[in-house]
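Structural description and commentary
One-letter residues, chain by chain:
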Amino acid sequence: MTTSEDSLPLSPLVDPFQRSISYLRVSVTDRCNLRCVYCMPEQGIPFVPRQEILSLEEVARVVRVAAGMGLRRVRLTGGEPLVRNGIAKLVRWIAETPGIEDISLTTNAMVLASYAHELAAAGLKRVNVSLDTLRPERFRQITRYGDLAAVREGIAAARDAGLAPIKLNVVVMREVNDDEVADIARTTLTEDWEVRFIELMPFMDEQETCIKDTSLVLGFVPTQDVRRQIEEALGPLEAAQTTTGGGPASYYRLPGARGLIGFISPLTESQFCATCNRMRLTAEGKIRPCLLTDHEVDLRQTLRSGGSDDDLRARILLALNTKPDAHHLWDGNRPRQRKMIQIGG
Ligand code: SAM
Ligand code: SF4
């Protein structure tokens, strides 16, 4: 690697709507050890053949080229990123890439206890853990295979390894876990983690969104309702800032609490898209400029046909320049080409 940090541009990755794009979420696999009801249909999805998934070297090359263009932060995701062989090696390569200031990972934490220290040693800074309930039975129902005790061990290992702050992602669903939001928020009184309540995004057809053996159909809950429930149970929230900045969440704190409460509101926050700072790379090498719009730009063909770094830069710029101003979910234009598991959130 010859590029020196001094010669790296500050952030030339500016899209046509003047948003600075310095963050890439990289999906390293479309496979997962769970089957969360909002992410993957029960019958599963056809997995991409392994040879069509980018190698770790190809991912690292894309990150290196993008870092030379102004990329500063990388998050690894999946499917479940910890089921990808060699994940710690990839973390190390990315952490060592000139220009990259922050590397994090989103995980269901089922096997995090076995990886936390190795990942931290490789340069990982922090983890986001998906945790929609504090009740073991309900956890199994939502994730179809999950074991809450394993997740708790994973979180403890992450803390022990110095991966901080720990952020917990809670997707709120009507009549599935919306009766628990105050209990989950209450944990921030004693735990120094950041609990983020996320509005359910419509990636599934209606018939795919029922929980088997129950009459539960996943229902959208606006942030406003979640916040009202928390404040009714625990008192008014104070505005707060996360130390890691730059994300889509608005943060608050219960008076005197150790941790933070965040709200991620892709559907009801009018400025959500206006402050977007990210693009996504799918496991098979497509840049997806917007999570909630199906448009993608392929990099794999360029990577595998002897394309130069300039060729890759041109493809990345094409993705940047075709990033839409906003999603159009309220007009009925939801993503249909991929489920969330095939993008990584
Ligand atoms: N397997 C990892 C995990 O579960 O954290 C990483 C991939 S997962 C797709 C990333 C995030 O997307 C998780 O926090 C998950 O809760 C969230 N997610 C998945 N489907 C969603 C949906 N339909 N609406 C909102 N968030 C969703
Ligand atoms: Fe797997 Fe994460 Fe999707 Fe759950 S949310 S099915 S853990 S990728």
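Since the structure is predicted, the reported quantities are computational estimates derived from the model, not experimental observations.

Here strand β1 (residues 23–27) lies mainly inside the structure; five of its five residues are buried. Pairing between β1 and strand β2 (residues 73–77): five bridges, direction parallel. Along β2, the bridge assignment pairs Y23 with R73. This β-α-β element, β1 to helix α1 (residues 56–69) to β2, shows right-handed connectivity. As defined by bridge partners, β1 adjoins strand β11 (residues 278–281) across four bridges and the pair is classed as parallel. Pairing of L24 across the sheet is with M279, part of β11.

Below, the discussion takes up the packing of α1 against helix α2 (residues 87–95). At a minimum axis separation of 10 Å, α1 and α2 run at an interaxial angle of 20 degrees. With respect to α2, the element α1 is oriented roughly parallel. α2 is crossed by α1, and the crossing has right-handed handedness. Contacts between α1 and α2 involve L56, E57, V59, A60 and V63 from the former and K89, L90, W93 and I94 from the latter. Of the residues belonging to the contact of α1 with α2, the class tally is seven nonpolar, no polar and two charged.

This part takes up the pairing of strand β4 (residues 126–130). The element β4 is extensively covered by neighbouring structure, given that four of its five residues are classed as buried. Where the polypeptide runs from strand β3 (residues 102–107) across helix α3 (residues 112–122) and back to β4, its parallel neighbour, the crossover connection is right-handed.

Here α1 contains 14 residues, and its C-alpha end-to-end distance of 20 Å stays within 8% of the 20 Å for a straight helix at 1.5 Å per residue. For α1, the buried fraction is high: 10 of the 14 residues fall into the buried class. Burial in α1 covers these residues: L56, E58, V59, A60, V62, V63, V65, A66, A67 and M69. Check the buried side of α1 and you find it contacts β1, β2, α2, β11, α8 (300–304) and α9 (309–321). Just downstream of α1, G70 is the residue with a positive phi angle, here 125 degrees.

Rules behind the numbers
- Residues numbered from 1 in each chain as written.
- Chains lettered and ligands numbered in written order.
- Predicted model: local features only at pLDDT ≥ 70, side-chain atom pairs only at ≥ 80, totals over all residues.
- Heavy atoms only, no water.
- Buried < 20%, exposed > 50% of the residue type's maximum accessible area, 1.4 Å probe, protein only.
- Helix = DSSP H or I, 4+ residues; strand = E, 2+ residues; numbered from the N terminus.
- Pairing = 2+ DSSP bridges.
- Right-handed = clockwise from strand over helix to strand, strands pointing away.
- Axes fitted to C-alpha atoms, helices over the stretch in contact; angles between N-to-C directions.
- Parallel < 35°, antiparallel > 145°, perpendicular 65-115°, else oblique.
- Left-handed = near helix turned anticlockwise from the far one by under 90°.
- Contact = heavy atoms within 4.5 Å.
- Nonpolar A, V, L, I, M, F, W, Y, C, P; charged D, E, K, R; others polar.
- Expected span 1.5 Å × (residues − 1).

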